[in-house]
Amino acid sequence: MWFDEIMDDCKQALQIASKHKGIFVPLLVKGGIYVLTFIVLFITAVGLLVQYIGDFESIRAGLQDSWMLLVPAVLGAVTLYLFLTAIGTVIEVGSINLYKLAIDGIQPKIAYFFEGIRKYFFRVFGVTLLIHGIVLILLPLLLALAMVYAITIGILTAGWGFVLIAVLAGIYFNLWIIAVVVDDMRPLEAITTSIKIGRKYFWGMFILTLSGLMVGDYLVSAFGTLVTLTVGWFIGGVVVTYFKLVFVLVYRRQKEECTQVSSI
């Protein structure tokens, strides 16, 4: 039964994570980089605000020439987006390469992490940018659907609707980067494989994706604002690493079953 298989994968992931604790390092580093980036941006914003506060003449002149400020602002936003996306891709492909080896009993090493980056970074980074671009183009339609949902079903339950959308997207697309790294697939083949597994093992993927979202959000925010701001990134990194490891195990098992069915 699919639920028993999911429980077996979760148990095996716990055993692997306990034995190979080095797999947690990359996502913790990623969380630290994101926190430092946020701190730098916050300090920069406060500094600019303090610099111009009270100088209403400068503010008025700035508003009149707002188009001159718009170009650097857009360039800064695009640069920040590319930086964060690149960091996320580096951590993702390097970490999955570590998970793949840890499952086979090989102790994680930094060389294996960089091996994953060298082989798969550009392949994953390019497709990630493409997917984000498609989402950006479809954003007005998505916002319109969200407004219809909120109006027809109710504001109080709209948040759960957004969670459901995220879970449904995860069911079909959570495994494509794993497929690229684990089986050295091309992105289109990997996305197709991820969608096939999501369709065939819908409920198992649904439970895992929803659990990852809910457990991560709960543990990060359950201890108050101060704890969330100081160690939330650490807790989130541990949770994400564990569920990513589970997804790699699920992918390997389901891919083998799909291959066996296809060969028959």
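Rules used in this analysis
Residues numbered from 1 in each chain as written. Predicted model: local features only at pLDDT ≥ 70, side-chain atom pairs only at ≥ 80, totals over all residues. Heavy atoms only, no water. Helix = DSSP H or I, 4+ residues; strand = E, 2+ residues; numbered from the N terminus. Buried < 20%, exposed > 50% of the residue type's maximum accessible area, 1.4 Å probe, protein only. Contact = heavy atoms within 4.5 Å. Areas by Shrake-Rupley, 256 points an atom, 1.4 Å probe, with all protein chains shown as cover. Expected span 1.5 Å × (residues − 1). Arc of directions from axis to C-beta. Salt bridge = Lys/Arg side-chain N within 4 Å of Asp/Glu carboxyl O. Core = buried A, V, L, I, M, F, W, Y, C linked by side-chain atoms within 4.5 Å.

### Details of the overall build of the chain
Then, number 1: Helix and strand counts for the chain come out as 10 helices and zero strands.
Then, number 2: In sequence order, the secondary structure elements of the chain are arranged as α-α-α-α-α-α-α-α-α-α.
Then, number 3: Buried positions account for 35% of the 264 residues belonging to the chain.
Then, number 4: If you take every contact in the chain between residues at least 6 apart in sequence, the share linking residues at least 24 apart comes to 77%.
Then, number 5: Of the roughly 16,100 Å² of accessible surface on the chain, 75% is carried by carbon and sulfur atoms.

### With respect to unusual backbone geometry
Negative phi values dominate among residues other than glycine, just as trans dominates among peptide bonds.
Then, number 1: Even without being a glycine, D184 presents a positive backbone phi close to 55°.
Then, number 2: By the element assignment, D184 lies in the loop between helix 7 (176–183) and helix 8 (187–200).

### Comments concerning helix 8
Then, number 1: Counted at 1.5 Å a residue, the expected span for helix 8 with its 14 residues is 20 Å, and the 20 Å between its end C-alpha atoms agrees.
Then, number 2: Here helix 8 has its buried residues at P187, A190, I191, T193, S194, I197 and G198. All buried residues of helix 8 fall inside an arc of 160° around its axis, so they share one side. Projecting away from the buried face of helix 8 at angles above 90 degrees are the exposed residues L188 and R199.

### Thoughts on the pattern of salt bridges
Any two side chains of opposite charge can pair, on the condition that their charged atoms come close.
Then, number 1: Going through the model one piece at a time under the given rule, you end up with six salt bridges.
Then, number 2: When the shortest N-O distance is used, the salt bridge between D9 and R253 registers 2.2 Å. One end of the pair, D9, is in helix 1 (residues 2–19); the other, R253, is in helix 10 (residues 225–263), with 244 residues separating them in the sequence. R253 matches D9 in its accessibility class, with the two residues each being buried.
Then, number 3: Close ionic contact of E92 with K244 constitutes a salt bridge, the shortest N to O distance being 2.7 Å. Residue E92 is found in helix 4 (residues 66–103), and its partner K244 is found in helix 10; the two are separated by 152 residues along the sequence.
Then, number 4: Of the residues examined, E92 reaches a relative accessible area of 15% and is grouped as buried.
Then, number 5: Three or more residues joined by partner-sharing salt bridges are found here, namely E5, D9 and R253.

### Things to note about the side chain of T89
Then, number 1: With respect to the helices and strands, the residue T89 is situated in helix 4.
Then, number 2: With residues up to four places along the chain from it excluded, the contact list for T89 reads F121, V124, F125 and T128.

### Let's talk about the nonpolar core
If you look at soluble globular proteins, the nonpolar side chains tend to sit buried side by side.
Then, number 1: Counting residues in hydrophobic clusters, the biggest one holds 52 residues, and the most contacted among them are I23, I96, W176, I178, L208, L245 and Y251.
Then, number 2: In terms of residues, this core owes the most to one element, helix 10, which gives 10 residues.
Then, number 3: Aside from chain neighbours lying at most four places away, what touches I96 is I177, I178, V181, V182 and V248.

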